Amino acid sequence: MIIGSPKEIFKGENRVAMTPESAKQLQKLGYKCILESNAGINANFSDRDYKEAGVKIVKNPEQLWNDSDIILKVRGPDKTELSKVKVNQHIISFIWPGQNKPLLENLKKKKVTVQAMDMIPRISRAQKMDALSSMANIAGYRAIIEAGNQFGRFFTGQITAAGKVPPAKILVIGAGVAGLAAIGTAQSMGAIVRAFDVRPEVAEQIESMGAEFLMLDFESDGTGEGGYAKPASKEFINKELELFREQAPEIDIVITTALIPGMPAPKLWPKEIVDLMKPGSVIVDLAAEQGGNCDVTMPNKTVETKNKVKVIGYTDLPSRMATQSSNLYSTNIRHMIDDLTPDKNGVPITNMEDDVIRGATVLHNGEITFPPPKPKIAAIAKLTNKEIKPKTAEEIAKDKIDAEKKAGKLQVMLLIIGALITWFIGIYAPAEFMQHFIVFILSCFVGYQVIWNVSHSLHTPLMAVTNAISSIIIIGALLQMKTDNDIVSILALVSIFIATINIVGGFMVTKRMLAMFQRS
């Protein structure tokens, strides 16, 4: 089958759904690839790059749509492209089915099969196809760059001969993929970063990146399905706005990322709070395309308020980094096609029993399949969570005692079985063998107890256990150094040398890992 990727005709869209690298991978799956001429030029991929990757270049867009069995796009087909769609064609792109019902109806008439890259389920197995996260990561990074472009000072604090420059204070609202990317970028540039999210479980992620989590003193969990936030109560919103009013006068830059699937963006930064901000402050509203989190936001524009606060409402942040965006997006699509082609024979199979494929499929052979059923994994997890009730301190203590008793009984049973096996072997084995065999068994038992009781002071339990084993090897080798046998002494010396390398290496790796999270 032939996979084709036309040039994006949406104004300002610089991304391309197929890169030379992804085309090579698609050909390994048994497909032939064609591309409209100059489709990748805005993402710095020339027609020559594609030709070298084995892609056929087509100058006429009508020919590309007509020759292709599968169409890869960034944005869904618009009115001018709908006339080019063939009957029974296969389309993979962003669709936004909840907001584009007329598009689904028009595609239904062509009996096409459509996978929407914005409908990939948020489950572990689908992370490699999660185009929303890929684009949100870029948008979060670019938001800080755009803010820095409009901000009139350094991000990092400096002490110079001319005076002291305080660091910029940045508030990130929403700690999803975009929010965490913004936090990481701002932190690396030396700013003081604060973050807020309605989901309390993200506090640890925020703090691990060196930012301060603004905790709201309110008993509410804003976690919705799929890891997204859910609509908050009026009481919670009032508390939230009270917190933002306190922060607004001292914050220099605000990045808002709050979105709820299938709903307009919640208004979290109203005009009254904008008026409290200092002149020269900047707001970057990543929810501008869905109405914005800020009252002042205007999509695709930068607005300056009366008190000199700049509000950026760009909706094309991923497209402003077209090369990076195209590489990530094309990789997401390639993984999707990989799952659609289990036999690697260039023939896609839309398996509606597969959670990921079913979730992304909004049209199948001309039948609208949106909205999809909830993934089986998520449904099981939700059911399990309903069954689990918070335990009291007494119940937790009782469970701990019961677990210790159970473990003790198991150890006694294993000792009895081990003693019976040893007795059975001792009937037939010579006395010299039994002496060494019993020492070996006791060494294994003592070694196991020693190793698994080591505190995990290193960055992973595995490395801590490995170092514990190496330490035991060194102690054993040192004891063997007393022997008169030169071969045994040499082997003991080699053991000490190798085990020492392992221990030193473990601490060096730990030091390097910790340094990655420390500010210079």
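Nothing here was measured: the structure is a model prediction, and the numbers come from that model. (Residues numbered from 1 in each chain as written. Predicted model: local features only at pLDDT ≥ 70, side-chain atom pairs only at ≥ 80, totals over all residues. Heavy atoms only, no water.)

So, about the overall build of the chain. When you go through the chain residue by residue, the secondary structure sums to 17 helices and 17 strands. Across the 520 residues of the chain, 41% fall into the buried class. Expressed as a percentage of contacts within the chain between residues at least 6 apart in sequence, the contacts between residues at least 24 apart total 61%. Entry remark: accessible area of the chain is about 29000 Å², with carbon and sulfur atoms responsible for 60%. (Helix = DSSP H or I, 4+ residues; strand = E, 2+ residues; numbered from the N terminus. Buried < 20%, exposed > 50% of the residue type's maximum accessible area, 1.4 Å probe, protein only. Contact = heavy atoms within 4.5 Å. Areas by Shrake-Rupley, 256 points an atom, 1.4 Å probe, with all protein chains shown as cover.)

Moving on to the sheet that holds strand 2 (residues 32-36). The eight strands lie next to each other as 3-2-1-4-5-6-16-17, forming an open sheet whose pairing is mixed. With partners counted over all chains shown, the strands left at the sheet margins are strand 3 (56-58) and strand 17 (367-368), one partner each. Note: strand 2 against strand 3, three bridges, orientation parallel. Directly across from I34, in strand 3, lies its bridge partner K56. (Pairing = 2+ DSSP bridges.)

Residues L410, M413, L414, I417 and I421 make up a contiguous nonpolar surface patch of about 490 Å² in total accessible area. Among the secondary structure elements, I421 is positioned in helix 14 (residues 393-428). (Patch = residues over 30% accessible without salt bridge, like charges linked within 9 Å, V, L, I, M, F, W, Y side chains within 5 Å. Salt bridge = Lys/Arg side-chain N within 4 Å of Asp/Glu carboxyl O.)

Let us look at the confidence of the model for the chain. Of all residues in the chain, 89% have pLDDT values of 70 or greater, and the mean over the chain is 86. The model gives residues 378-391 a pLDDT under 50, and that stretch makes five contacts with residues more than four places away or in other chains. (pLDDT = per-residue confidence, 0-100.)

Within soluble globular proteins, side chains that are nonpolar tend to cluster in buried spots. Formed by 39 residues in total, the largest nonpolar core has its most connected members in I3, L26, L72, I92, Y329, I333 and I337. Secondary structure elements with two or more residues in this core: helix 1 (20-28), strand 2, strand 4 (70-75), strand 5 (90-94), helix 6 (131-150), helix 11 (322-340) and helix 12 (355-360). A per-element tally of this core places helix 11 first, with six residues. Not counting the four nearest positions on each side in its chain, I333 is found in contact with A17, L72, K73, I92 and M117. One finds F155, A186, A211 and F213 within the second-largest nonpolar core, a separate group that totals 31 residues. (Core = buried A, V, L, I, M, F, W, Y, C linked by side-chain atoms within 4.5 Å.)

Under the definition given, this model contains eight aromatic pairs. Between F94 and W96, the ring centres sit 6.0 Å apart and the planes meet at 10°, which makes this aromatic pair stacked. Their ring planes at 90° and their centres at 5.4 Å tell us that F196 and F244 sit as a pair that is edge-to-face. Residue F196 is found in strand 10 (residues 192-196), and its partner F244 is found in helix 9 (residues 234-247); the two are separated by 48 residues along the sequence. One exposure class covers both F196 and F244, and it is buried. An aromatic cluster of at least three residues, connected via ring pairs, comprises F94, W96 and Y329. Directly above the aromatic system of F10 lies the positively charged group of R75, at a separation of 3.9 Å from the ring centroid. The residue whose ring lies beneath R320 is Y314, and the NZ or CZ to ring-centre distance is 3.9 Å. (Phe/Tyr/Trp six-rings, centres within 6.5 Å; stacked < 30°, edge-to-face > 60°. Lys NZ or Arg CZ within 6 Å of the ring centre and 35° of its normal.)

Between helix 6 and helix 11, the least distance of the axes is 9 Å, while the angle of their chain directions is 165°. By the angle between their directions, the pair helix 6 and helix 11 is classed as roughly antiparallel. When you trace helix 6 past helix 11, the crossing you get is right-handed. The residues of helix 11 that touch helix 6, namely those facing A131, S134, M135 and I138, are Q324, S325, L328, Y329 and N332. Split into classes, the residues belonging to the contact of helix 6 with helix 11 amount to five nonpolar, four polar and no charged. (Axes fitted to C-alpha atoms, helices over the stretch in contact; angles between N-to-C directions. Parallel < 35°, antiparallel > 145°, perpendicular 65-115°, else oblique. Left-handed = near helix turned anticlockwise from the far one by under 90°. Nonpolar A, V, L, I, M, F, W, Y, C, P; charged D, E, K, R; others polar.)

Another point: the pairing of strand 4. For strand 4, the tally of buried residues reaches five of six residues, placing the bulk of the element in the interior. Of the strand pairs in this sheet, strand 1 (residues 2-5) and strand 4 are connected by two bridges, and their pairing is parallel. Among the inter-strand pairings, I3 is bridged to a residue of strand 4, identified as I70. Here strand 4 runs beside strand 5; their pairing, made up of four bridges, is parallel. Its bridge partner lying in strand 5, I70 is registered against H90.

Glancing now at the sheet that holds strand 10. Taken together, seven strands build an open sheet; the order of strands is 11-10-9-12-13-15-14 and the sheet is mixed. Edge strands, defined here as strands with exactly one partner in the open sheet, are strand 11 (212-213) and strand 14 (302-304). Where strand 10 and strand 11 come together, two bridges link them in parallel fashion. Bridge pairing in strand 11 places A195 opposite F213.

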